[in-house]
Amino acid sequence: MSRSQALRAPITVEDHLSARNFSRIAAHIYERVGIIISENKRTMVESRLRRRLPIVGADDLDEYCDKVFSGELGDGEEEHLINAITTNKTDFFREPKHFDYMMGTILPDLVDHGPRKIKIWSAACSTGAEPYTIAMLLDDALAGRGAPSFAITATDIDTKVLETARRGIYETEMVEPVPDRLRRKYVMVAKDAKRREIRIAPKLRSAIAFGRMNLMDSRFAAERDHDMIFCRNVLIYFNKVTQEAVVRRLCDHIKPGGHLFLGHAESILGFDVPLTQVANTVFRRD
């Protein structure tokens, strides 16, 4: 395009949420999932909600909000709204010292207690990198040793990321943090190299039960005898009151002596919960 053409090109002006509707969206998301959306997230919220406009037949963001809050779009739009707003950052072997502690300290103790199923819950699993990382490590360590088996439950509030997690298909770059030996054992490469995709081996996909769960629910539809719960890098989106309430409910699903893993930027300092810190953001259930 020439400079003169560029000067004549029409300028597209993106619409914005009114102050009232931004406040309504922020209040709605906080009420439903406990996530605090501050003013500095406005651009992000607007960008993500614009993708819904052609799908629901809204001309602009404020019309979209009118349709949502009037109930015109039905209950199903609630799920799409939450999916659009929630943040899903995940990597394989993220915060690796947690996995070092799991394998070096927790697992040997569990194995010493004899053959039984080890239960683990990944409570904010996003697209599945965390539970697949755990599954790789446990399957590799326990296979062929007459040691305990394991079962992993993985949940998230976002149904779109759960679909990705169930498929176990990722861009090749996603598995670069996985050690070569585990990659050869548990990662299948597409026959067509141009696709730049991998898939997690069926053995691991079948070891994980994926499901939707809202950490704001007053009760969790989960078993109460988990050996470990990973709930990393989600509490940072909640206020302190909500953080403590979520951690307290998570404790109800950890067996005594079991462990809770939080993100490295998260803290339970001052919380009235039955946990003792045993490593950096690793806590044992009293």
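Attention in this report is confined to the structure presented alongside it. This structure is a prediction, so every number in the text was calculated from the model and none was measured.

### A word on the overall build of the chain
1) Next: Scanning the chain from N- to C-terminus turns up twelve helices and ten strands.
2) Next: Along the three orthogonal principal directions, the C-alpha set of the chain runs to about 70 × 50 × 35 Å.
3) Next: Expressed as a percentage of its 286 residues, the buried residues of the chain come to 48%.
4) Next: Accessible area of the chain: about 14,800 Å², with a carbon and sulfur share of 50%.
5) Next: The average position of the 43 basic charges and that of the 41 acidic charges among the side chains of the chain differ by 5 Å.

### Topic: helix 3 (residues 42–50)
1) Next: All buried positions along helix 3 are accounted for by Arg42, Val45, Glu46, Leu49 and Arg50. Across the axial projection of helix 3, the buried residues extend over an arc of 130°, all falling on one side.
2) Next: As for helix 3, its buried residues are in contact with helix 2 (19–33), helix 4 (53–56), helix 5 (61–70) and helix 6 (76–85).

### A few points about the packing of helix 3 against helix 6
1) Next: Their axes nearest at 9 Å, the elements helix 3 and helix 6 cross at an angle of 135°. As summarised for this structure, helix 3 and helix 6 are arranged oblique, according to the angle between their axes. As for the relative orientation of helix 3 and helix 6, their crossing is right-handed in sense. Across the interface between the two elements, Met44, Val45, Arg48 and Leu49 from helix 3 touch Leu81, Ala84 and Ile85 from helix 6.
2) Next: In terms of residue class, the contact of helix 3 with helix 6 is built from six nonpolar, no polar and one charged.

### Thoughts on the nonpolar core
1) Next: Within the largest apolar cluster, 45 residues are counted, with the highest numbers of intra-cluster contacts made by Ile29, Leu49, Val247, Leu250 and Leu260.
2) Next: Counting residues per element, the ones that place at least two in this core are helix 2, helix 3, helix 4, helix 5, helix 6, strand 7 (226–231), helix 12 (240–251) and strand 8 (254–262).
3) Next: Take this core: its biggest share by element is five residues, from helix 2.
4) Next: When near neighbours in sequence (up to four residues on either side) are disregarded, Leu260 contacts Ile229, Cys231, Val247, Leu250, Ile254, Leu275, Thr281, Val282 and Phe283.
5) Next: Counting residues in hydrophobic clusters, the runner-up holds 41 residues, among them Met102, Ala141, Tyr170 and Val175.

### Examining the pairing of strand 1 (residues 118–122)
1) Next: Across the five residues that make up strand 1, a large majority, four, are buried.
2) Next: Alignment of strand 1 against strand 2 (residues 150–156), held across five bridges, turns out to be parallel. Bridge assignment links Lys119 to a residue of strand 2, and that residue is Ala151.
3) Next: Pairing analysis gives three bridges linking strand 1 to strand 7, with the strands arranged parallel. Pairing of Ser122 across the sheet is with Phe230, part of strand 7.

### Considerations on the environment of Val178
1) Next: With respect to the helices and strands, the residue Val178 is situated in the loop between strand 3 (169–171) and helix 10 (180–186).
2) Next: Using a relative accessible area of 1% as the deciding quantity, one classes Val178 as buried.
3) Next: Taking the C-alpha atoms as reference, Val178 lies 14 Å from Gly128; in sequence the two are 50 residues apart.

### Comments concerning the environment of Glu39
1) Next: Inspection of the secondary structure assignment puts Glu39 in the loop between helix 2 and helix 3.
2) Next: Separated by 16 residues in the primary sequence, Glu39 and Ser23 have C-alpha atoms spaced 9.0 Å apart.
3) Next: At 2.7 Å, the side chain of Glu39 and the side chain of Arg42 are in polar contact.

Rules used in this analysis
- Residues numbered from 1 in each chain as written.
- Predicted model: local features only at pLDDT ≥ 70, side-chain atom pairs only at ≥ 80, totals over all residues.
- Heavy atoms only, no water.
- Helix = DSSP H or I, 4+ residues; strand = E, 2+ residues; numbered from the N terminus.
- Buried < 20%, exposed > 50% of the residue type's maximum accessible area, 1.4 Å probe, protein only.
- Areas by Shrake-Rupley, 256 points an atom, 1.4 Å probe, with all protein chains shown as cover.
- Lys, Arg positive; Asp, Glu negative; His and termini not counted.
- Charge placed at Lys NZ, Arg CZ, Asp CG, Glu CD.
- Arc of directions from axis to C-beta.
- Contact = heavy atoms within 4.5 Å.
- Axes fitted to C-alpha atoms, helices over the stretch in contact; angles between N-to-C directions.
- Parallel < 35°, antiparallel > 145°, perpendicular 65-115°, else oblique.
- Left-handed = near helix turned anticlockwise from the far one by under 90°.
- Nonpolar A, V, L, I, M, F, W, Y, C, P; charged D, E, K, R; others polar.
- Core = buried A, V, L, I, M, F, W, Y, C linked by side-chain atoms within 4.5 Å.
- Pairing = 2+ DSSP bridges.
- Polar contact = N/O pair within 3.5 Å; in protein donor to acceptor, adjacent residues only side chain to side chain.

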